[in-house]
Protein chains: 4
Amino acid sequence: METERSLREKCGVFGVFGHPEAPLLTREALLALQHRGQESAGITVATGGELRTVKGMGLVPQAVPEGALSPLRGTAAIGHVRYSTTGASELQNAHPLAFLVRETPVAIAHNGNLVNAVRLRRELAEAGALFQTSTDTETIVHELARRLGGPDRDWLTALGEALLRVAGAYALVLLVPGALYAARDPLGIRPLALGRLGPAWLVASESCAFDAVGAAFVREIEPGEIVRLDAGGLQSARLPAPRRALCVFELIYFARPDSQIGGISVHEARKRLGRRLAQAAPAEADVVLGVPDSSLPAALGFAEASGLPFELGLIKNRYVGRTFILPSEGERRAGVRLKLNPVPDVVRGRRVVLVDDSIVRGTTARRLVEALRQAGAAAVHLRVTAPPYRHPCYYGIDTSLAEELVARSGSVEEVRALVGADSLAYLGLEDAIDALGMGDGFCHACFSGQYPVPVGEAGGKRSLETGVVG
Amino acid sequence: METERSLREKCGVFGVFGHPEAPLLTREALLALQHRGQESAGITVATGGELRTVKGMGLVPQAVPEGALSPLRGTAAIGHVRYSTTGASELQNAHPLAFLVRETPVAIAHNGNLVNAVRLRRELAEAGALFQTSTDTETIVHELARRLGGPDRDWLTALGEALLRVAGAYALVLLVPGALYAARDPLGIRPLALGRLGPAWLVASESCAFDAVGAAFVREIEPGEIVRLDAGGLQSARLPAPRRALCVFELIYFARPDSQIGGISVHEARKRLGRRLAQAAPAEADVVLGVPDSSLPAALGFAEASGLPFELGLIKNRYVGRTFILPSEGERRAGVRLKLNPVPDVVRGRRVVLVDDSIVRGTTARRLVEALRQAGAAAVHLRVTAPPYRHPCYYGIDTSLAEELVARSGSVEEVRALVGADSLAYLGLEDAIDALGMGDGFCHACFSGQYPVPVGEAGGKRSLETGVVG
Amino acid sequence: METERSLREKCGVFGVFGHPEAPLLTREALLALQHRGQESAGITVATGGELRTVKGMGLVPQAVPEGALSPLRGTAAIGHVRYSTTGASELQNAHPLAFLVRETPVAIAHNGNLVNAVRLRRELAEAGALFQTSTDTETIVHELARRLGGPDRDWLTALGEALLRVAGAYALVLLVPGALYAARDPLGIRPLALGRLGPAWLVASESCAFDAVGAAFVREIEPGEIVRLDAGGLQSARLPAPRRALCVFELIYFARPDSQIGGISVHEARKRLGRRLAQAAPAEADVVLGVPDSSLPAALGFAEASGLPFELGLIKNRYVGRTFILPSEGERRAGVRLKLNPVPDVVRGRRVVLVDDSIVRGTTARRLVEALRQAGAAAVHLRVTAPPYRHPCYYGIDTSLAEELVARSGSVEEVRALVGADSLAYLGLEDAIDALGMGDGFCHACFSGQYPVPVGEAGGKRSLETGVVG
Amino acid sequence: METERSLREKCGVFGVFGHPEAPLLTREALLALQHRGQESAGITVATGGELRTVKGMGLVPQAVPEGALSPLRGTAAIGHVRYSTTGASELQNAHPLAFLVRETPVAIAHNGNLVNAVRLRRELAEAGALFQTSTDTETIVHELARRLGGPDRDWLTALGEALLRVAGAYALVLLVPGALYAARDPLGIRPLALGRLGPAWLVASESCAFDAVGAAFVREIEPGEIVRLDAGGLQSARLPAPRRALCVFELIYFARPDSQIGGISVHEARKRLGRRLAQAAPAEADVVLGVPDSSLPAALGFAEASGLPFELGLIKNRYVGRTFILPSEGERRAGVRLKLNPVPDVVRGRRVVLVDDSIVRGTTARRLVEALRQAGAAAVHLRVTAPPYRHPCYYGIDTSLAEELVARSGSVEEVRALVGADSLAYLGLEDAIDALGMGDGFCHACFSGQYPVPVGEAGGKRSLETGVVG
């Protein structure tokens, strides 16, 4: 599920307190989190009582050039990578967002989505509040500002009170001169981890960011937990947190395989899904291929459980940028080949199992099936390591292409016919949950329609768009 | 007074309502106002219920590239040119500033400076307000937002109430979908003019912006006047306005000679100053030169009144950018020559009167005198068309280099010795006011120390910096 | 003649040998020569046995960024500014051109145009020569390379032999590690001057470049002279040079007024033309205006001789870039106003003499006349300080718009009617030559059709284009 | 062998004749060849009798922006990707190189290296030739130009005669209006393939470029073959070609696994090397990992032959650019982790076989071994699918870091100790040749020191540098 990404994680966040190279360290960490957001990136550094933000459109190297960052001296910083609709004008909505709260500079970065942001904004506006963005994230800062009575008012308490007002999914970092706050929503829908590098504390959406900077993974930030990191160390507070509901798609598709989330390795989780899929939907075949890179572990698991050989039969061109635009429909087929090319002698004359983690519009799958057949495949059996994606996500996944999901309207047989495979099977929800071996602590609303946070307020698509941000 | 500009107008503003090419027309107008601010520029266009802003550092062509602007369709727009300390991070303080007031987008651009902004910000912050900039301009929008009770609340009235709260100098334009507001402070310290182009209404800091787009100058926006321009035409309201106090430096130095301000031509005003200076401080000389470009009309007036021949004896290299940085002190002398070069055979063997409109640090004057002598001048008599600048401005002139003003500490003789002229004379304040022939409706605090708006609140330099913006 | 420049000097050259800051000094000198070419610029520095070239499209600050130049250490450098048709692909033809001659790096920059380049290129190509550009300049280097027999072969002699092969106009600088050569064509059509800064030697198209870097003007490089500058000082050689034929347009229009060329000040030359014009073609008028900047000295001369007052009645917006493109024909009128705006109270009710140095298509003149009338002028008398331009130049002036010259087809009365002036007069050729007071040593082929170098070989427009370069 | 690439293919070439979208098709093909050169790229298009070149530093998307290319209309084009030392000034040596041969534009792009270029350049220079680059490639064009007697002289014959003069390795494409030539050296050291897309002919360094544009692989260009592609179809000529000597490193490391070279799939070749290595140097281990991406097929082959499980235990961050520069030595360790991160639960407690295709300085290998141990590996056995690299390459591989090759000076045991592995084994040359199953038609000079083309002329490192280009 590589060429046409429509199920996109919206953001990744990172924060560090107490490291002499905080700005560049944050940039390295964002590079490790780049898969969580590729359309804008930003870093805010606390430097001598001020906050300085560098952000821009594009990947981290473009958005936060090292030359712009390296002059900034500071031992605390936060960072963010993000998807957004394209256009330079969107830069104003890019994170971190910066504010002055009683002349104290505050920066915030957020992964997730609030479901009651529209109502909160309306109430704030009626009380005379000015907004600088159309983001749901800004409401958190307004609520915080209203709860800060004076210079000695406790920010940790005020932040907790503000978060009690908001509903939805969030993993957020908030920086002020002298302290860094991190918070995770009471259901723990979006992941957030705590790390350590010598005396410095770190928080990150995924543990792979800690590996990238040589830091150690300490533990997850718990659902509903708010931490304050400052010169005195770590201080923790808790919001009421009834149960866990980690986004299951983090394990299936979004997170990096070398991260661990919810106590297990993402790589291992995917191998388990592949193994279970081989048991639940075996295929008469000669070889197992995965769609690189995200589906390779699942393909390996499928191969192990099925006894079929695993092969690296699709080559991905690493140098093709994401923004390559094909000149005309007639050239479009070349475009797919440019990115994923079958290795002819792996495929020729063989019956192939092709393992993928999702089918979105079906276009990529159809072209891959066609390319495999042209390269000589005797049969192509498509196996998907997740249930069909059928319900919109209100907690931070980009569902802008939701109507295009073939699974929403089509039966499995219709999708099979569309993509031209000899057979097609999805992994069932119960099988997937069971295979992951972590009990029922998941949000699987996109598969089941069971929303752990009421989304009545989120309303229709219109108001969702208004409120969607990070 | 060209090479080292320290007495700088802070900003220029422009607005148009009801023209099909509003965005590009605004850009052309800002080019005509470029002399009022060369370090950032921005334009906001009302387009289909939304406001879109393009702004950046540098001159108008770089800051607002035509390619970024031309896709924006809209019949109303505002624009701003501005000085600021350099640095990309300052972009966030560049105008127009944009806000959401009850989900209505609002953009504002401001020339001038408020003297009670620090107190107003503190009060607003205590009530929970978030600020996005450190500008005094933002306080106006907060005050406005608090006075808008509902969707049918009258914005013109609310703006008037908000402006009653602020003190200082302002010529401002404020854009919302469907209407453009313009306002001028009760003393009329900063200029603001009203124009017409077919059915469209325009406002601009100077009338030369109307000429640039083929529009007609209608009248000045009166001191204390607030106008609303919308599909129904022009609506006007008034704040109490006791008397006029137009910044005299607009006529002496800042404004373009082809503008008219306060009822007279700026070019004519400068010729009058030059003529009066020839009467008040004649010189035994053979030829009169002006420092191009701003002092040429005054030099012509001096020549007329003195009967001496006027010559174009200093050539300005038009292609040298303002940001040219000399590699070393040793090369600095070459740097001044690069920009202004004497014509040897105009100067050789002659006694020269050099007319300038101000002396700041004295460095440029000293180098010009030296260059004229090296080119063979038999004597150099320096004549300045304004009194010595001795007091800081709190109403919108950049006084960041105020301590470097030679006139602040030095006597006329000391300055003369410093710059190496054979004689030096300034025009006296009474002579200047009298020569301008407009009565006493001026602010001349920078010469006289008589501040028309109490600046007690503006406090010392520290709080001035905090509150300074546009 | 400012807004629509079609009579354009093609290039300016500069060279320095023996200065520790040669690269930056060359850049400053090119800024002073920027009026001679605004579409590309380049500098080559001799640094440790190698030549390094920085060049680009646009004005000097963009084409040769200080940051790209300042790392280059070297005490000898050459530079060039140039007009060319736009387009990045033209960069390959931009000067300096660099070659390896027997592994010795050579760079050359050239102002002027050869008339036998097409034939020379053909002969060279038949002998197997490869060309890297379509410039006439490259033929000089090929001819040079063929005359260098060995490592100890004298380059000065070889260059002289090579130049004997070429015909046309040239002021050129040629840099190799250890020496800088400069040469001027036998008629001295294009100017070239020699300067001194401490122990360093300089050459430049105009003496104003010496002023810009604090250097002294020593003398002109003589027609037909070739100089070699190296650690041993200056060495000079001569080509046969029958007579002088300096381009008269250098004095009338191209050169900077603070330069001296052919023994007189350009500023003085223009005043003389204006004075003579007042005698030859007086006007019943109240005030004399010049088109800024190039025609102001002539207007001052006209005013002096006529006894009419000189006024600064047209204000030029200094910040409007040359590349401003008007969005639509309907806005074009605004475009002219943007750049040159009349001062109403100078003009109102008065009969105006408008002095210009050339009329090209007539569009600018027509718009200026119209703008003056709209500002209230009672009459507009147009006076041009040169004869009508009627013949193409083959020696280095851009004649790409030659067909559009109104003077080519129209009578004086037709041009007057076109531009809408009350009267129009040109200065006659004999009057112009006489007024300049330098005898008959001019090339005035563009006015008279008398070409001092036979241009039969230059052929029609087609081959001219092929051969045109610098 | 990913993080520190010192054994670098120098270039990739591509050409197409007869396709309406030749420019964009060439760009897509270069993207597929991007692994062969990542420091500059260029495309020349034949358009209406002219050649237009777009080239720049960096990867294809930056060096040849689609916007710069898409205006060019033409049905024939050539392209090139290249390594070079960094620095904008190197752009002049980037390919395609463009020349005018008797006013006919010619562009050439070259993969490989000539060993007699220094002598040829000297001879040409003595005959008066000018060079525009320091490349060996330019000598080919000079030799060609000297053999073109007239307009009807046969270019194919002249090119053949010119190539008889040069010695070394080359796969080259040469474009003139109306025809495209391609040639491969008599030993076929560098690969070159012929393809077809409808009526259009294509040539490419690797067949994967054909897949990228939907074209079919037809056959290899034979060693010593010169083809001419024009409107009349394909015409072929031959140089004397005694035997084959394909660069063995193309199969081991350089080429993309989905290409076929010399008759077999690169992917299959690498699996064979891995299988043979498992037989020749087995290891007591629990799991087999490959260094992504280039060593994964070999690791799969090793796993198959050894019966050990294959795992995806090293995760590569796809978003880390090649130019990432670590701020300080202290941060360097983080840098390696950023790019390749072990999956802890794959490695923990297991004995690991790590398969790589080369060891250069040993730094990356040492860090990988260390990272695997920190992730819990019980043992790390390093297996390399090629013999130690011990001799410089004179035929087009960048050997600039040759002295740093640990294998040059160190014994296998010394290298093992350096990288800290529990065991280390290389595949022997005979085993490698035998495993590839293509007979002895290889150049393996880098392993064996047996040079198929005498390199006496190439001389020492100094002259090699002078002559090295493409």
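Right, let's get into the overall build of chain A. When helices and strands are counted, chain A shows 18 helices and 26 strands. Residues classed as buried in chain A amount to 65% of the 470 residues present. In chain A, once contacts between residues fewer than 6 apart in sequence are set aside, the share between residues at least 24 apart is 71%. When the accessible surface of chain A is split by element, carbon and sulfur atoms take 50% of a total near 14,900 Å².

Moving on, we come to the relation of the copies chain C and chain D. For the match of chain C to chain D, the screw axis carries a shift of 0.1 Å, the RMSD comes to 0.1 Å, and the turn is 180°. Such a combination of turn and shift is consistent with a two-fold rotation axis. Interface overlap between copies: 100% of the residues of chain C at the interface are likewise at the interface in chain D, consistent with a symmetric, same-surface contact.

On to the interface of chain C and chain B. Listed per partner, the contact involves 51 residues of chain C and 51 residues of chain B. Both faces combined, the contact of chain C with chain B buries some 4,300 Å², and carbon together with sulfur accounts for 56% of it. Put simply, chain C and chain B have 2 salt bridges between them. In this structure, lysine 271 of chain B and glutamate 311 of chain C form a salt bridge, with 2.1 Å as the shortest nitrogen-oxygen distance. The tally of links between chain C and chain B comes to 10 residue pairs in polar contact (both at pLDDT 80 or more). Those elements that place two or more of their residues in the side of chain C that touches chain B are α1 (22-32), α7 (208-212), α9 (266-280), α10 (296-306), α11 (332-339), β21 (340-342) and α12 (344-347) of chain C. Broken down by element, the side of chain C that touches chain B gets its largest block of residues, 5 residues, from α1 of chain C.

A separate point is the environment of tyrosine 426 of chain A. All names here are of chain A. Within the secondary structure, tyrosine 426 sits in strand β25 (residues 423-426). A relative accessible area of 16% places tyrosine 426 in the buried class. As for tyrosine 426 and leucine 51, which are separated by 375 residues in sequence, their C-alpha atoms are 48 Å apart.

We now examine helix α6 (residues 155-165) of chain B. One turn of an α-helix holds 3.6 residues; hence residues three or four places apart share an orientation. Those residues of α6 of chain B not exposed but buried are Trp155, Leu156, Ala158, Leu159, Gly160, Ala162 and Leu163 of chain B. Of the residues flanking the start of α6 of chain B, the one acting as N-cap is aspartate 154 of chain B, its side-chain oxygen 2.7 Å from the backbone nitrogen of leucine 156 of chain B.

Aligned on chain B, chain C shows an RMSD of 0.1 Å; the corresponding rotation is 180° and the shift along the axis is 0.0 Å. Here 100% of the contact residues of chain C are again contact residues in chain B; the copies associate through an equivalent surface.

Okay, the domain arrangement of chain A next. Residues and elements named next belong to chain A. Taken domain by domain, chain A holds domain 1 (12-245) and domain 2 (267-439). Residue-level contacts link 9 residues of domain 1 with 5 residues of domain 2. Both sides together, the interface formed by domain 1 and domain 2 hides about 550 Å², and carbon and sulfur atoms give 55% of it. Of all residues in domain 1, Gln38, Asn113 and Arg190 bury the most surface against domain 2, accounting for 47% of the area lost on that side.

A few words now on the nonpolar core. Core analysis: the biggest nonpolar cluster contains 110 residues, and Phe249, Phe310 and Tyr395 of chain B together with Phe249, Phe310 and Tyr395 of chain C have the highest contact counts within it. Apart from residues no more than four positions distant in its own chain, tyrosine 395 of chain C is found in contact with Gly112, Asn113, Val115, Ala169, Ile189, Arg190, Cys443, Tyr451, Pro452, Val453 and Val455 of chain C. Ranked by size, the runner-up nonpolar core spans 109 residues in total, among them Leu277 and Ala298 of chain A together with Ala245 and Leu273 of chain D.

Attention shifts here to the interface of chain C and chain D. Contacts between the two partners involve 21 residues from chain C and, on the opposite side, 21 residues from chain D. Taken together, both faces of the contact between chain C and chain D bury some 1,900 Å²; the carbon and sulfur share is 52%. The largest contributions to the chain C side of the interface with chain D come from Leu100, Arg102 and Leu130 of chain C, which together make up 33% of the buried area. Inspection of the region where chain C meets chain D yields 2 salt bridges. A salt bridge links arginine 121 of chain C to glutamate 103 of chain D, with the shortest nitrogen-to-oxygen separation between them at 2.8 Å. Between chain C and chain D we count 6 residue pairs in polar contact (both at pLDDT 80 or more) in total. For the side of chain C that touches chain D, the secondary-structure elements that each account for two or more residues are β6 (97-101), α4 (117-126), β8 (130-131) and α5 (137-146) of chain C. In terms of residue count, α5 of chain C provides more of the side of chain C that touches chain D than any other element does, 4 residues in total. Each residue belonging to the side of chain C that touches chain D can be placed in one class, and the counts come to 9 nonpolar, 6 polar and 6 charged. Sheet analysis places β8 of chain C next to strand β6 (residues 97-101) of chain D, joined by 2 bridges and oriented antiparallel. Across the sheet, phenylalanine 131 of chain C pairs through a bridge with leucine 100 of chain D, a residue of β6 of chain D.

This brings us to the state of the cysteines. Residues and elements named next belong to chain B. Scanning the model with the defined rule gives 0 disulfides over all chains in all. Cysteine 208 takes part in no disulfide bond, and the closest cysteine sulfur, belonging to cysteine 11, lies 15 Å away. When its relative accessible area of 1% is taken as the criterion, cysteine 208 is described as buried. With no disulfide of its own, cysteine 443 lies closest to cysteine 247 among cysteine sulfurs, the gap being 6.3 Å.

Residues and elements named next belong to chain A. Running from N to C, helix α9 (residues 266-280) and helix α16 (residues 429-436) point in directions that differ by 135°, and their axes come no closer than 9 Å. One finds that α9 runs oblique with respect to α16. As for the relative orientation of α9 and α16, their crossing is right-handed in sense. Across the interface between the two elements, Ala269, Arg272, Leu273, Arg276 and Ala280 from α9 touch Asp431, Ala432, Asp434, Ala435 and Leu436 from α16.

On to helix α16 (residues 429-436) of chain C. Residue and element names in this part refer to chain C. Along α16, the residues that are buried comprise Ala432, Ile433, Ala435 and Leu436. Down the axis of α16, the buried side of the element spans an arc of 165°, and every buried residue falls inside it. The secondary structure elements touched by the buried residues of α16 are α8 (248-254), β18 (264-265), α9 and β26 (442-443). Following α16 by one or two positions, glycine 437 adopts a phi angle in the positive range, close to 70°.

Calculation rules
- Residues numbered from 1 in each chain as written.
- Chains lettered and ligands numbered in written order.
- Predicted model: local features only at pLDDT ≥ 70, side-chain atom pairs only at ≥ 80, totals over all residues.
- Heavy atoms only, no water.
- Helix = DSSP H or I, 4+ residues; strand = E, 2+ residues; numbered from the N terminus.
- Buried < 20%, exposed > 50% of the residue type's maximum accessible area, 1.4 Å probe, protein only.
- Contact = heavy atoms within 4.5 Å.
- Areas by Shrake-Rupley, 256 points an atom, 1.4 Å probe, with all protein chains shown as cover.
- Least-squares fit on C-alpha atoms with pLDDT ≥ 70 in both.
- Buried area = accessible area lost by both parts, 1.4 Å probe.
- Salt bridge = Lys/Arg side-chain N within 4 Å of Asp/Glu carboxyl O.
- Polar contact = N/O pair within 3.5 Å; in protein donor to acceptor, adjacent residues only side chain to side chain.
- Domains from an automatic or database assignment.
- Core = buried A, V, L, I, M, F, W, Y, C linked by side-chain atoms within 4.5 Å.
- Nonpolar A, V, L, I, M, F, W, Y, C, P; charged D, E, K, R; others polar.
- Pairing = 2+ DSSP bridges.
- Disulfide = S-S within 2.5 Å.
- Axes fitted to C-alpha atoms, helices over the stretch in contact; angles between N-to-C directions.
- Parallel < 35°, antiparallel > 145°, perpendicular 65-115°, else oblique.
- Left-handed = near helix turned anticlockwise from the far one by under 90°.
- Arc of directions from axis to C-beta.

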